[in-house]
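Single-letter residue listing:
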Amino acid sequence: MNKIQRNLVAFAIFVVPALALYITFYLVPLFNSLQYSVTEWNGINEPVYTGLDNFQKAMGDEKFWVAFWNNIYFVLFSVFIQVPVIVVVSIMISSVRRMLDFYKLTVFLPSILSTASVGVIWQFIYAPDAGLLNQLLRSVGLESWAKIWLGDKTTAMFSILITNGWQWTGFYIVLVLAAIFSIPKEMLEAGEIDGAVGWKKAWLLTIPLIRPVIVVTMLLSITGAMKAMDIVMIMTNGGPFHSTEVMATYMYKQAYSLSDFGYANAIAIIITIFTAILALVYHVINKRTEVDY
């Protein structure tokens, strides 16, 4: 590696292609989006410079703030519900002695399905009359709990969060399992000799030792929550009454339904900035709470 770094030609061969792709597919689109975000543009005529009007419009747009808070709900669900479930299930699966591959495949299966397939499957599960969820509730005498899950403002967002979590939890479980299985057996055996068994071992040994992977999992969950779009478009299209709108779906509608590309690009810039701020805050918190084990 040191020889490659000293050889400019070899260094360029490795770095330039990746740098070119990064500039072409990230920096250039980001710059173009920033450029159009300060204009009024319908996608056809020449853009008209309007300064920060689009950003001011977003700050006073009630529907945008509904979408903003729904993204926050995605983030909170990922951090405080999905990630703990991922860790707990991973520890449980890692202790299985038989059919380990079967359990790993079972939890991973939803993540290889397309989001369109997942959305349609869960639409049937949440269906008011023939849906599996309401049928189960009625069969155990909880008919009063049956709802129009995706058509009720009070339940639609949570229903989507459950669906999104179901799809991606398995992917992260496989990552955490790989980290657990990489822990030296001697270290775990030493902990058991000292009395760390069961969940005590998981809390005092396993979780601290796989902290780097948990950190990555949480960061990916946060950034993924900010990019949520397709599952909402498929299941509710932002309804009922914009109650499940997220910033990405609202941006899409502004661009391709209302042809307000300037405002849509402003929303895209806001999503980018807010995601970067969340990632930075999480990084700072993680550094300050990091403990050397």
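Residues numbered from 1 in each chain as written. Predicted model: local features only at pLDDT ≥ 70, side-chain atom pairs only at ≥ 80, totals over all residues. Heavy atoms only, no water.

Looking at an unreviewed UniProt entry, one finds the protein chain named Sugar ABC transporter permease and attributed to Paenibacillus arenosi. The UniProt entry for the protein chain carries the following text under Sequence similarities (unreviewed entry): "Belongs to the binding-protein-dependent transport system permease family." (UniProt positions renumbered as here; feature names shortened; annotations may be inferred.)

Participant: What is the right way to read the UniProt feature "domain: ABC transmembrane type-1" (unreviewed entry) in the protein chain from this model?
Facilitator: In the numbering adopted here, UniProt assigns the feature "domain: ABC transmembrane type-1" (unreviewed entry) to residues 68–282. Measuring from the first to the last C-alpha atom of residues 68–282 gives 18 Å, for a span that is 74% helix and 0% strand. (Helix = DSSP H or I, 4+ residues; strand = E, 2+ residues; numbered from the N terminus.)

Participant: So what exactly am I meant to see when it comes to the packing of aromatic side chains here?
Facilitator: The description of an aromatic ring pair uses the distance of the two centres, along with the angle that the planes make with each other. Inspection of every chain in the model, using the stated rule, returns 15 aromatic pairs. Judged by centre distance (5.0 Å) and plane angle (45°), the rings of Tyr252 and Tyr256 are tilted. Taken together, the residues Tyr252 and Tyr256, both in helix H13 (residues 247–256) and four residues apart, mark about one turn of the helix. The exposure class assigned to Tyr252 is partly exposed, which follows from its relative accessible area of 33%. A residue is classified by how much of its surface remains accessible, and Tyr256, at 58% relative accessible area, is exposed. These aromatic residues form a ring-pair network of at least three members: Tyr36, Trp41, Tyr252, Tyr256 and Phe261. (Phe/Tyr/Trp six-rings, centres within 6.5 Å; stacked < 30°, edge-to-face > 60°. Buried < 20%, exposed > 50% of the residue type's maximum accessible area, 1.4 Å probe, protein only.)

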